[in-house]
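The chain contents come next:
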Amino acid sequence: MRLGKTNLEVNKNGFGALPIQRCTMQEAVEILKKAYDNGIDFYDTAHFYTDSEEKMGNAFKDIPREKIYIASKTAAETPEDFWSDLETSLKSLKTDYLDLYQFHNISFVPKKDDELFEAMLEAKEKGMIRHIGLTTHKITFAHEAIESGLYETLQYPFSYLSGEEEIELVEKCKKFDVGFIAMKAMGGGLITNSKASFAFLNQFDNVLPIWGVQKISELDEFLSYDSTTVLDDELKSTIENDKKELGEDFCRGCGYCMPCPEEIKISICARMSLWVRRFPTEPHLTEEWQKTMAQTENCIECYACVDKCPYELDIPRILKENYEDYKNILTGKTKV
């Protein structure tokens, strides 16, 4: 597929390299090399993803640079931090340029007169980066970036759990020739049917999903799908059932609400009711998990998490509801 005005021709399967930070170096290199050997050529990472860039650098150090497209990100909000992040990323990735560099979910959309955007343009002029993008979870920022005409790509959450607003955003990107990179295509871990997810995204010729992969078996699933993987009645039924079960008022697990001043693990506790129903229940009922969930009682409803949530969820309420449900499951009052 063509990635918008970048004119990069990329494999429809993109590789999201956030999860490989949880792998050993050997495991990560094995996964990345297998992805490359099977035609995946677009790899998305970030300075923020601990050692993800280093693992990619080791995996691809002997591969001709022009054979792959490397995208990374910076959360910097000052020119000084921007240059520091970029230099670190290039060194870790063992490359002298990035095909795509993206502002990473920062608190505003950099524009032409901003020092931060000027730094991005300077990096492009120096050949350190080739294309400019932005990632965000805020739909208002997404529209602002598209309409500015400054960004060649937009990275935004998109899956079959998305609503009309997100589909309109995809269509708008196509109109403005902005490449759409779909993060959280598996709904932040809540979607369990990869084939349904792939088939849904396969409908959009301007959408590049970046699958978060941390196991060979997961990679094999996505490699088994291709242009002939389309929505049939069975997959449509799966999608409708998931949308009914999850609704719209659910935590995507993006983690931008963290850290909590009371040390509540929000992205876990706010999704427990879904986890115990969509995955094996027993592993989530251990003493350790019970202690984690009990922390929600410490919520002081400061609403700091709500202010940071890109989906404007009422997190204190969701935490309370999840914990009540969890206690009912533990006592047998609720059967799952």
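Above this text sits the structure in question.
Residues numbered from 1 in each chain as written. Predicted model: local features only at pLDDT ≥ 70, side-chain atom pairs only at ≥ 80, totals over all residues. Heavy atoms only, no water.

### What to know about the overall build of the protein chain
Going by this rule: We count a stretch as a helix when DSSP gives it H or I for four or more residues in a row; a strand needs E for two or more, and each element gets its number in order from the N terminus. Just to be clear, the radius of gyration here is over C-alpha atoms, and the globule rule we use is 2.2 Å times residues to the power 0.38. For each residue, the accessible area found with a 1.4 Å probe, counting protein chains only, is set against the maximum for its type, and the residue is called buried under 20%, exposed over 50%, and partly exposed in between. Computed with a 1.4 Å probe, the accessible areas rest on the Shrake-Rupley method; for each residue, only the protein chains presented here act as cover. In this tally, Lys and Arg are treated as positive and Asp and Glu as negative; His is ignored, and so are the chain termini. By convention, charge coordinates are those of NZ in Lys, CZ in Arg, CG in Asp, or CD in Glu.
Regarding its fold elements, the protein chain presents 14 helices and eight strands. Against the globule reference of 20 Å for 336 residues, the protein chain gives a C-alpha radius of gyration of 20 Å, in line with a compact fold. Residue burial in the protein chain is summarised as follows: out of 336 residues, 52% are buried. Total accessible area on the protein chain stands at roughly 15,700 Å², and carbon and sulfur atoms take up 47% of it. Across the protein chain, the mean location of the 40 positive side-chain charges is 2 Å away from that of the 59 negative side-chain charges.

### A look at unusual backbone geometry
In this model, M258 is joined to P259 through a cis peptide bond whose omega is 0°. Tracing the backbone through its elements, the reader meets P259 in the loop between helix 9 (233-246) and helix 10 (266-269). Located in the positive-phi region is K184, a residue other than glycine, with phi close to 50°. Tracing the backbone through its elements, the reader meets K184 in the loop between strand 7 (179-183) and helix 7 (194-201).

### Here we look at the nonpolar core
Under the convention used in this document: Nonpolar core, defined: a set of buried Ala, Val, Leu, Ile, Met, Phe, Trp, Tyr and Cys residues in which side-chain atoms within 4.5 Å join the residues together.
F15, F82, L86, L154, F158 and F180 are the most contacted members of the largest nonpolar core, which totals 99 residues. Among the elements that line this core, the one with the most residues is helix 14 (residues 315-331), at six residues.

### Section: the packing of helix 3 (residues 79-93) against helix 4 (residues 115-125)
Note the following rule: Only the stretch in contact is used when fitting a helix axis, every axis being a line fitted to C-alpha atoms; angles between N-to-C directions are given from 0 to 180 degrees. Each crossing is labelled by how the near helix is turned from the far one, with a counterclockwise turn of less than a right angle marking it left-handed and a clockwise turn marking it right-handed. Any two residues whose heavy atoms approach within 4.5 Å are treated as being in contact.
Running from N to C, helix 3 and helix 4 cross one another at 35°; their axes reach a closest spacing of 9 Å. Where helix 3 crosses over helix 4, the two elements pack in a sense that is right-handed. Contact residues: helix 3 offers P79, F82, W83 and L86, while helix 4 offers E115, L116, A119, M120, E122 and A123.

### Let's talk about the packing of aromatic side chains
Describing an aromatic ring pair means giving the distance of the ring centres and the angle of the ring planes. Which entries qualify depends on this criterion: Only centres within 6.5 Å qualify two rings of Phe, Tyr or Trp (six-membered ring in Trp) as a pair; their planes then separate them into stacked at under 30 degrees, edge-to-face at over 60, and tilted for everything else. Placement of a charge over a ring requires the Lys NZ or Arg CZ to be within 6 Å of the ring centre, with the centre-to-atom vector within 35 degrees of the ring normal.
Overall, the coordinates contain 17 aromatic pairs when judged by the stated rule. With centroids separated by 5.6 Å and ring planes inclined at 75°, the aromatic side chains of F117 and Y151 adopt a geometry described as edge-to-face. Residue F117 is found in helix 4, and its partner Y151 is found in the loop between helix 5 (139-148) and strand 6 (153-157); the two are separated by 34 residues along the sequence. Ring geometry for F198 and Y225: centres 5.5 Å apart, planes at 45°, overall tilted. With F198 in helix 7 and Y225 in the loop between helix 8 (216-223) and helix 9, this residue pair connects regions lying 27 residues apart in the sequence. Overall, the relative accessible area of 4% leaves F198 in the buried class. Given a relative accessible area of 14%, Y225 falls into the buried group. The structure contains a cluster of three or more aromatic residues connected by ring pairs, namely F82, W83, Y101, F103, F117 and Y151. Geometry around W83 places K126 over its ring, the cationic atom sitting 5.0 Å from the centre. A cation sits over an aromatic face here: R252 above F250, 4.3 Å from the ring centre.

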